[in-house]
Amino acid sequence: MTMIFGVPVQALLGQLLIGLINGSFYALLSLGLAIIFGLLRMINFAHGAQYMLGAFAAYLLLHFAGIGYWPALILAPLIVGVLGAVTERLFLRRLYDLDPLYGLLFTFGLALTLEGSFRYLYGASGQPYATPAALAGGTNLGFMFLPIYRGWVVVVSLIVCLATWFLIEKTKLGAYLRAATENATLVQAFGVNVPVLLTFTYGLGVALAAFAGVLAAPIYQVSPLMGSNIIIVVFAVVVVGGMGSIMGAIVTGYMLGIAEGLTKVFYPEASNIVIFVIMAIVLLIRPAGLFGREA
Amino acid sequence: MPALLEISGLNAWYGESHVLHGVDMVVGEGEMITILGRNGVGKTTTLRTITGILRKRQGVIKLAGRDMMQVPLHRTAHHGLGYVPEERGIFATLNVIENLMLPPNVGKGGMSLDEIFELFPNLHERRNSPGTRLSGGEQQMLAIARILRTGVKVLLLDEPTEGLAPVIVQRIGEVLKTLKERGMTVVLVEQNFRFAARVADRFYLMDHGKVVSEFPVGELPDRMDMLHKVLGV
Ligand SMILES: Nc1ncnc2c1ncn2[C@@H]1O[C@H](COP(=O)(O)OP(=O)(O)OP(=O)(O)O)[C@@H](O)[C@H]1O
Ligand SMILES: [Mg+2]
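Report follows, based on the coordinates. Only a predicted model underlies this, so the values are computations on that prediction, with no experimental measurement involved.

**Thoughts on the coordination of the magnesium ion (ligand 2)**
- Bound to the magnesium ion (ligand 2) on the protein side are T44 of chain B (OG1) and E86 of chain B (OE), at distances that span 1.9 to 2.3 Å. One end of the pair, T44 of chain B, is in helix α1 (residues 43–51); the other, E86 of chain B, is in the loop between β6 (81–84) and α3 (96–101), and 42 residues separate them in sequence.

Right, dumping it as structure tokens:
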């Protein structure tokens, strides 16, 4: 068996793949958080619950309407994103002028309410969600066995991350978002409807979380607490990356997923805490995060 | 000259702090007026209140006869008000072109990109630089240029020459002359009344949140001593 640094290549590549998949979810979720924080200046504690909602939306679409994975990949983020937009209009909007603590408390309460309700309705254990037929099975890459669905997750989340980056950094709408992030009042005085922009932005961030949720359904099952398990790590990712940067959120997400995977190979005992250790080190050396601008 | 912008009895507050105490002002179509006044008398506040950025306000603001008091902030530009803030408001995360194209078109008669670049050749050279990498003078040009693109009827311009070198001040003076020839209506806030005298038709002198006197540019020589004393320049 081929070895690298005293570790079998298979094990290394296997964990690298798992790291890349986890990284895909970290990237999608921290990207949504970063977009929301950038414009709304609010830490969206409901992000994990909205990821869970995405998975449940796919599950419910299948069971009550017979709508399968592929349409759900579009429909579930759309539905959950619209719910997010409605939440912004009805509730979050009233909190912008208050201490940021209110937004934090509201979204935290929203997360508890959503997770509690789904736990009441569906129990704490997960519901299985079948891998779509087209992506079932795996392929032998020669050096390792690659489940096709996992490869798909890595590719499609990378595409969605890059598309979102393009939207924000290279389009007119993105220019409005970036400018409003710097000085919302002036952008509004120029004749841009910033309140609508805020609603759209929250909806977009939430839709990204829901999209991640649909992707996760066939891998991790659909369970009410799936969001609260991952979101703590995602917050650490955001801290490491720094709140300010879109590309920073994406790159950090993948990097930390891979770091976690590699730790499983070389020092498995530390794999659950490695991200938090990195977070602590980054906080000591660069409090604004790797990609953040010093405030 | 028909009045385009009419302001009367304008009061405004920052929280509990009452800053404008009944400002009266009339600006004719195509006219260029200048607001003078010491630091802190409420010149910037007057512009911010007219645009609707400062919303704790009372009194009358009419643009072409239309009541602007109820118009939400994101609609004031569409009624023809363009605002160039004192701090210029150039966005660091947008390059020069993006900064230039940011404000939506709100009316006919805005300058085309070609005209803008003819008037401000520097902006063309630096079009791909991040907005805040420009020099102070270039940022001021950019702040003015992006409003001229939009086709607003009234330009509210807050201390465009503040902190700039004499050649740049000269350049901004030429730009204002060009605007005047094009028939743009301008409300200029300026401490440098010698500069303003080259372009303004009329002056308003403010003190303690009120207009204390108003006079045409022709009377400026007679009032020089008084202005020196009041403005402390
Ligand atoms: N954001 C604010 N909050 C509270 N008070 C303010 C605020 N901005 C300005 N003021 C106060 O309102 C008054 C008028 O300020 P304003 O900025 O309109 O003056 P100005 O005439 O533009 O002065 P300058 O020549 O220094 O630009 C000042 O007393 C100032 O301290
Ligand atoms: Mg001022």
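**Overview of unusual backbone geometry**
Residue and element names in this part refer to chain A.
- Although it is not a glycine, R41 adopts a positive phi angle of roughly 55°.
- By secondary structure assignment, the location of R41 is in the loop between α1 (9–40) and α2 (47–65).
- A positive phi is found at Q221, a non-glycine position, where the angle reads about 70°.
- For Q221, the location among the structural elements is in the loop between α7 (194–220) and α8 (226–241).
- Q221 gets classed as partly exposed once you look at its relative accessible area, which sits at 35%.

**Section: the interface of chain A and chain B**
- Between chain A and chain B, the residue contacts involve 19 residues of the former and 21 residues of the latter.
- Roughly 1700 Å² is buried in total at the junction of chain A and chain B, and carbon and sulfur atoms are behind 65% of that figure.
- Here chain A is connected to chain B by one salt bridge.
- R178 of chain A is the salt-bridge partner of E98 of chain B, the closest N and O atoms lying 2.9 Å from each other.
- Where chain A packs against chain B, one counts seven residue pairs in polar contact (both at pLDDT 80 or more).
- Looking at side-chain class alone, the side of chain A that touches chain B contains nine nonpolar, five polar and five charged residues.

**Brief notes about the pattern of salt bridges**
All names here are of chain B.
- A full pass over the atoms with the stated rule returns 11 salt bridges over all chains.
- A salt bridge links R202 to E214; its shortest N-O distance comes to 2.9 Å. Residue R202 is located in strand β9 (residues 202–207), and its partner E214 is located in strand β10 (residues 210–216); the two are separated by 12 residues in the primary sequence.
- A relative accessible area of 42% places E214 in the partly exposed class.
- Through salt bridges with shared partners, one network takes in E31, R202 and E214.

**Remarks on the nonpolar core**
- Among the nonpolar cores identified, the biggest contains 170 residues, and F25 and L215 of chain A together with F120 and L148 of chain B are the most heavily contacted of them.
- Looking at this core element by element, the count peaks at 16 residues for α7 of chain A.
- If we ignore the near neighbours within four places in the chain, the residues touching L215 of chain A are F25, L28, Y69, L73, Y149, W152, V153, V156 and S157 of chain A.

**Observations regarding the site of ligand 1**
All names here are of chain B.
- The environment of ligand 1 is formed by 13 residues, the closest being N39, G40, K43, T44 and T45.
- Here an oxygen atom of ligand 1 sits 2.7 Å away from a polar atom, N or O, in the side chain of K43.
- A distance of 3.0 Å is found between an oxygen atom of ligand 1 and a side-chain nitrogen or oxygen belonging to E86.
- Of the residues forming the shell around ligand 1, the biggest block, three residues, is contributed by α1.

**Quick notes on the pairing of strand β8 (residues 185–189) of chain B**
Residues and elements named next belong to chain B.
- Along β8, five of the five residues are buried, which leaves the element largely enclosed by surrounding structure.
- In terms of strand pairing, strand β3 (residues 32–36) meets β8 through four bridges, oriented parallel. Within β8, the position partnered with I33 by the bridge is V187.
- Bridge count between strand β7 (residues 154–158) and β8: five bridges; the pairing is parallel. Its bridge partner being in β8, D158 is matched across the sheet by V189.
- In this fold, the crossover linking β7 to β8 by way of helix α7 (residues 166–181) has right-handed handedness.

**Considering the packing of aromatic side chains**
Residue and element names in this part refer to chain A.
- As enumerated under the stated definition, the model contains 15 aromatic pairs over all chains in all.
- Where F25 meets Y51, the ring centres are 6.4 Å apart and the plane angle is 75°; that geometry is what we call edge-to-face. Of this pair, F25 sits in helix α1 while Y51 sits in helix α2, and the two are 26 residues apart along the sequence. Each member of the pair F25 and Y51 is classed as buried.
- Between Y69 and Y129 the ring centres are 6.5 Å apart and the planes differ by 50°, which places this aromatic pair in the tilted class. On the criterion of sequence distance, the pair formed by Y69 in helix α3 (residues 69–90) and Y129 in the loop between α4 (100–122) and β3 (138–140) is long-range, its members being 60 residues apart. Each member of the pair, Y69 as well as Y129, carries the same accessibility label: buried.
- In textbook terms, an aromatic cluster arises when at least three aromatic residues are bridged by ring pairs, as seen for Y69, W70, Y129, Y149 and W152.

Parameters and conventions
- Residues numbered from 1 in each chain as written.
- Chains lettered and ligands numbered in written order.
- Predicted model: local features only at pLDDT ≥ 70, side-chain atom pairs only at ≥ 80, totals over all residues.
- Heavy atoms only, no water.
- Donors = N, O, S within 2.8 Å, 3.2 Å for Na, K, Ca; no water.
- Helix = DSSP H or I, 4+ residues; strand = E, 2+ residues; numbered from the N terminus.
- Buried < 20%, exposed > 50% of the residue type's maximum accessible area, 1.4 Å probe, protein only.
- Contact = heavy atoms within 4.5 Å.
- Buried area = accessible area lost by both parts, 1.4 Å probe.
- Salt bridge = Lys/Arg side-chain N within 4 Å of Asp/Glu carboxyl O.
- Polar contact = N/O pair within 3.5 Å; in protein donor to acceptor, adjacent residues only side chain to side chain.
- Nonpolar A, V, L, I, M, F, W, Y, C, P; charged D, E, K, R; others polar.
- Core = buried A, V, L, I, M, F, W, Y, C linked by side-chain atoms within 4.5 Å.
- Near = heavy atom within 4 Å.
- Pairing = 2+ DSSP bridges.
- Right-handed = clockwise from strand over helix to strand, strands pointing away.
- Phe/Tyr/Trp six-rings, centres within 6.5 Å; stacked < 30°, edge-to-face > 60°.

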